[in-house]
Amino acid sequence: MAPAEILSGKIVSAQVRERLKQQVAEMKEKFPGFRPGLAILQVGNRDDSNLYINMKLKAAAEIGISANHIKLPNTATEADVLKCIASLNGDPAVHGFIVQLPLDSDKPINTEKITNAVAPEKDVDGLSSINAGKLSRGDLGDCFIPCTPKGCMELIRQTGIQVAGKRAVVVGRSKIVGAPMHDLLLWNHATVTTCHSKTSTLAEEVGKADILVVAAGKAEMVKGEWIKPGAVVIDCGINHVPDSTKASGKRVVGDVAYNTAKERASYITPVPGGVGPMTVAMLMQSTVESAQRFLEKFQPGKWNIQYNQLTLKMPVPSDIEISRSCIPKPIDQVAKEVGLLPDEVELYGQTKAKVHLSALKRLKNEPDGKYIVVTGITPTPLGEGKSTTTVGLVQALGAHLHQNVFACVRQPSQGPTFGIKGGAAGGGYCQVIPMEEFNLHLTGDIHAITAANNLVAAAIDARLFHELTQTDQALYNRLVPSVNGVRKFSDIQIRRLQKLGINKTDPTALTKEEVNLFVRLDIDPGTITWQRVLDTNDRFLRKITIGQSPTEKGFSRTAQFDITVSSEIMAVLALSDGLDDMKKRLGRMVVASSKRGEPVTTDDLGVTGALAVLMKDAVKPNLMQTLEGTPVFVHAGPFANIAHGNSSVLADKIALKLVGKEGFVVTEAGFGADIGMEKFFNIKCRYSGLRPHAVVLVATVRALKMHGGGPAVTAGVPLPKEYMEENLQLLAKGCSNLNKQIQNAQMFGVPVVVAVNAFKTDTKAELALVVQLAKEAGAFDAVECTHWAEGGNGAVALAQAVQRASQTPSNFRFLYNLELPVIDKIRLIARQIYGASDIELLPEAQEKVALYTKQGFGNLPICMAKTHLSLSHDPEQKGAPTGFILPIRDIRASVGAGFLYPLVGTMSTMPGLPTRPCFYDIDLDPMSGEVNGLF
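The present account deals with the structure reproduced in this document.

What counts and what doesn't
- Every residue gets a number counted from 1 within its own chain, in the order that chain's sequence is written.
- Residues qualify for local features only when their pLDDT is at least 70, as the model is predicted, and side-chain atom pairs are given and counted only at 80 or more; totals for whole chains, interfaces and linings, by contrast, use all residues.
- Excluding hydrogens and water, the side-chain values take into account all heavy atoms of the structure.
- In summary, the pairing rule links any two rings of Phe, Tyr or Trp, Trp by its six-membered ring, whose centres are within 6.5 Å, and it sorts them by plane angle into stacked for under 30 degrees, edge-to-face for over 60 and tilted for everything else.
- Here a helix means four or more residues in a row that DSSP labels H or I, a strand means two or more in a row labelled E, and each is numbered from the N terminus.
- When accessible area is computed with a 1.4 Å probe and restricted to protein chains, residues below 20% of their type maximum are described as buried, those above 50% as exposed, and intermediate ones as partly exposed.
- Throughout this description, the term charge over a ring refers to an Arg CZ or Lys NZ atom that lies within 6 Å of the ring centre and within 35 degrees of the ring normal.
- The angle between two axes is taken between their N-to-C directions and runs from 0 to 180 degrees, where each axis is a line fitted to C-alpha atoms and a helix contributes only its stretch in contact.
- An angle below 35 degrees is treated as roughly parallel, one above 145 as roughly antiparallel, one from 65 to 115 as roughly perpendicular, and anything else as oblique.
- Here a crossing is taken to be left-handed if its near helix is turned anticlockwise relative to the far helix by less than a right angle, and right-handed if that turn runs clockwise.
- The criterion used for residue contact is that any of the two residues' heavy atoms lie within 4.5 Å.
- In the scheme used here, Gly and all other residues not listed as nonpolar or charged are polar, with Ala, Val, Leu, Ile, Met, Phe, Trp, Tyr, Cys and Pro taken as nonpolar and Asp, Glu, Lys and Arg as charged.
- One bridge is not enough; two strands pair if DSSP finds at least two bridges between them.
- Take the buried Ala, Val, Leu, Ile, Met, Phe, Trp, Tyr and Cys residues and link them wherever side-chain atoms come within 4.5 Å; each set so joined is a nonpolar core.
- Note on terminology: pairs of cysteine sulfur atoms within 2.5 Å are recorded as disulfides.
- Patches here are clusters of residues that have more than 30% relative accessible area and form no salt bridge, with a 9 Å joining cutoff for like charges and a 5 Å cutoff for nonpolar side chains (Val, Leu, Ile, Met, Phe, Trp, Tyr).
- A 1.4 Å probe and the Shrake-Rupley method give the accessible areas. Residues count as covered only by the protein chains that appear here.
- We define a salt bridge as a contact between a side-chain nitrogen of Lys or Arg and a carboxyl oxygen of Asp or Glu at a distance within 4 Å.

### Description of the packing of aromatic side chains
Under the definition given, this model contains 14 aromatic pairs. Aromatic side chains Phe 465 and Phe 555 sit 6.0 Å apart centroid to centroid with 80° between the ring planes, which places their arrangement in the edge-to-face category. Taken together, the residues span a long stretch of sequence, with Phe 465 in helix α17 (residues 445–469) and Phe 555 in the loop between β21 (544–546) and β22 (557–559) at a distance of 90 residues. Where Tyr 476 meets Phe 489, the ring centres are 6.4 Å apart and the plane angle is 55°; that geometry is what we call tilted. On the criterion of sequence distance, the pair formed by Tyr 476 in helix α18 (residues 472–479) and Phe 489 in the loop between β19 (486–487) and α19 (491–499) is long-range, its members being 13 residues apart. Each of the two residues, Tyr 476 as well as Phe 489, counts as buried. It is Arg 585 that lies over the ring of Tyr 687; its NZ or CZ is 4.7 Å from the centre. The ring of Tyr 834 carries the charged tip of Lys 866 above its face, separated from the ring centre by 4.7 Å.

### A look at the packing of helix α6 (residues 147–158) against helix α7 (residues 178–186)
Helices that pack against each other are described as a pair by the angle of their axes relative to one another and the distance between those axes. Orientation of α6 relative to α7, taken along the N-to-C sense of each, is 40°, at an axis distance of 9 Å. The orientation of α6 relative to α7 falls into the category oblique. Relative to α7, the crossing made by α6 is right-handed. Listed contacts from α7 to Pro 149, Lys 150, Cys 152, Met 153 and Ile 156 of α6 are Pro 180, Met 181, Leu 184 and Leu 185. Its residues assigned to classes, the contact of α6 with α7 shows 8 nonpolar, no polar and 1 charged.

### Remarks on the sheet that holds strand β2 (residues 37–43)
What the 3 strands build is an open sheet, ordered β3-β2-β4; its pairing is parallel. For this open sheet the edge positions go to β3 (66–72) and β4 (96–99), each flanked by a neighbour on one side alone. The sheet shows a mean angle of 15° between the axes of neighbouring strands, taken without regard to direction. With 4 bridges connecting them, β2 and β4 associate as parallel partners. By the bridge assignment for β4, Leu 41 is matched with Val 99. Where helix α2 (residues 47–63) meets the sheet, it contacts β2, β3 and β4, and its direction lies at approximately 170° from that of β2.

### Some thoughts on the nonpolar core
Judged by nonpolar contacts, the single largest core of 142 residues is most densely connected at Phe 406, Phe 633, Phe 681, Leu 738, Val 754, Leu 886 and Ile 888. For this core, the element with the most residues is α17, which contributes 9 residues. Excluding residues within four positions of it along the chain, Ile 888 makes contact with Ile 826, Ile 839, Glu 840, Leu 841, Leu 842, Ala 845, Met 864, Pro 902, Leu 903 and Val 904. Ranked by size, the runner-up nonpolar core spans 55 residues in total, among them Val 124, Leu 155, Leu 185 and Val 213.

### Comments concerning the sheet that holds strand β1 (residues 5–6)
Read from one edge of the open sheet, 6 strands run β1-β11-β8-β7-β5-β6, paired in parallel fashion. Lying at the two open borders of the sheet, with one neighbouring strand each, are β1 and β6 (191–195).

### What about the state of the cysteines?
If you walk through the whole model with that rule in mind, you get 0 disulfides. Among the cysteines around Cys 147, which has no disulfide bond, Cys 152 carries the closest sulfur, lying 11 Å off. For Cys 147, a relative accessible area of 5% puts it in the buried group.

### What to know about the pairing of strand β33 (residues 885–888)
Of the two faces of β33, the one holding Leu 886 and Ile 888 is buried and the one holding Ile 885 and Pro 887 is not buried anywhere. In the sheet, strand β32 (residues 838–841) pairs with β33 via 4 bridges, with the strands oriented parallel. Residue pairing across strands places Ile 839 opposite Leu 886, the latter belonging to β33.

### Some remarks on a nonpolar patch on the surface
A surface patch of nonpolar side chains, amounting to about 290 Å² of accessible area, comprises Leu 51, Tyr 52 and Met 55. Tracing the chain through its elements places Leu 51 in helix α2. Overall, the relative accessible area of 52% leaves Leu 51 in the exposed class.

### Notes on the environment of Val 373
By secondary structure assignment, the location of Val 373 is in strand β14 (residues 370–376). Judged by relative accessible area, Val 373 falls into the buried class, the value being 0%.

### Digging into helix α22 (residues 579–588)
Here α22 has its buried residues at Asp 581, Met 582, Arg 585, Leu 586 and Gly 587. Taken together, the buried residues of α22 touch α21 (568–575), β25 (599–601), α23 (602–605), α24 (608–615) and α26 (673–688).

Pasting the structure below:
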């Protein structure tokens, strides 16, 4: 018969590499910035290992794979190697990962333990027990196959011979070649025999083989005459035998006697140049396959989410009972379901986690989903249920309509939780869980803000004190001390010098005048706007005297405490779009004016870097879930009067990327549409660049009756009959407020869906009237909702209306241009949003307009600090008052956050405790560790 056809691994591997190169190019085109990643971990410095690794690195570079060679010294311990493996397992940029064997270490290392430590989904060498087990079971599509057997199989396929039904013999049973080769042939439907050194009838068994794979590690052990005529022979052996004709005195041969075997076989692999080149090619193929699996598994917008089934009860139990009745999914499962990578999630126990900003960077090229803001009519003591509606809507969109959806909500202050308001996790069957985690410390963001804020306050008073008690030179010597004979400006001090126009970096080069400018902030104590904060309602801290200790040498002043969530740092956190942006905003915060009338910033105080350090974890959004298992970001909680009252830009941006183009992100704006929604549009959307698709405006029959002139309500006293009985006339009159808030939303060019949050005391006629009047006022749709009692199922109609509204063309626009004078911007908001006929600036406000314009802050957005209980400045005026003059008492600046806030009336920034605070009912069960009494 004719000599065997040569199966050249060089030729086939070149074809494989070219195909992989094309696949990688297509991957990069489809997913910009993505590259398959291969990590090679080597212990020691063996020459043969170095040679093999260089071959792999070269092949990876040629194909377009990002290959990383990690080399540990031969002194590395088993623990060192396992630590490195754990790091590579968690690296999302590594899709394929091999440990180069043998391990060349002076220390004892269990190779089996090391190979099994590699994550199975990255084990492109296929050596872990999990991949070996899957292969032995026939799960070929869900495992990695060792590279040499995989290469052998590719060479067999090149012959065109049908493997199924053929008799195959594998000589050798190693874990790397022989054993997996047997399994691979078996599950390709060959009848397989494995032979080894103890096989007594080796020649006889070899002679039966249609397909022969030899991996025995013994030179020319298989003789040519043993081979069945026409067999396919794959020789995996690499052996050196003496050869005096070679310069090296030896030559490379396989495990098969090639010269005689080629006369009987139909196809045969040469040695070298046969199986060897295929091993590297298959390693590259497995790496590309792993990258493809990664992209498919973590494809943005492709969620595989498990929802929780609610067990509804009537009457509806307390919020804490409902929260406890539902077992939350492990938060790492939620993170995985929504497409977050393991290294992007920082777990805080089982039910909450922080999400790293690297997720936003990874997803930057992905399209955003639909952006929905939930707001309400002008609030009343009866409550409208905005938070409950937000949660109900996302539960409906997710668990019932199977849309990708995220809720983004504010973190509540602990002050009201222990005061009078209680928690803010939603209510009934629409809650963020666990509610006690949500309402208490969460992950410590508010505590970080407290620490950062109070560091600024301490820095202000310390600087005042030191400037009042020291000469210029003494201050300079302490601000720029000599360390080991060397004086050096810190980076933040260099920035101050540049701000002063002093372009010097040598501390000894400053003139006396320059030293004076540098060391003297010259703060005017009467202009200090920065206060200390605490996350507790404490009325006795509203006005205090500080500096009364004898050590402060009589330098006392009147000050106050605010509640933490009113701190400008909270607003900075909410409006930042990254760590760098947050740091810049923190540095721009104006804390006072100098006696020359110039703004004094935190950067001038030298505290910016320290603030960024305190806030470095707080900037990461917090991941939680709803009762029905939909994901929630809880992040930031700025006041809705002196600040903009919305959750963080970062949470919204990450969520919009994660849900994908057809998904939804539902966020909530504080107070009524005239306050929270207006600021959401004019401040948050302006800074974030995000554009909303729809507004959900929440209303209740009871609250609208109050706007129609219904009687006042008192906590603890039964509701007046007007709110318990049908009264269409009172309700119709109160819908004037609803109409005005619909108009307010429409001014921004966004469709409005009215959610009528139904109570059991509402009649069908009352609910129908609200729906009718809302539509007549221009709402895209108006829907009755029963989500509080029914969970997401009670908000399905609302969710469907939101879906339809979000598909309409958006004509979003801002209410005003930033270039307008400060007074004109205030007047536009007062007239168009509140219904005022004009504004009146009191003398202090007029002075601030002039000051802030002079200081360069006139182009900032406006954040009106006004009562939330009325469209006007008078909380007693319900409905939709018109023709009033809006008084502006004062104007203040949150320059770091990026807005001016006019004060309309007196704004309390430190709540007090009532006669009977909520803390009377809050307790800890020492046996179970459960928190009781939260609501």
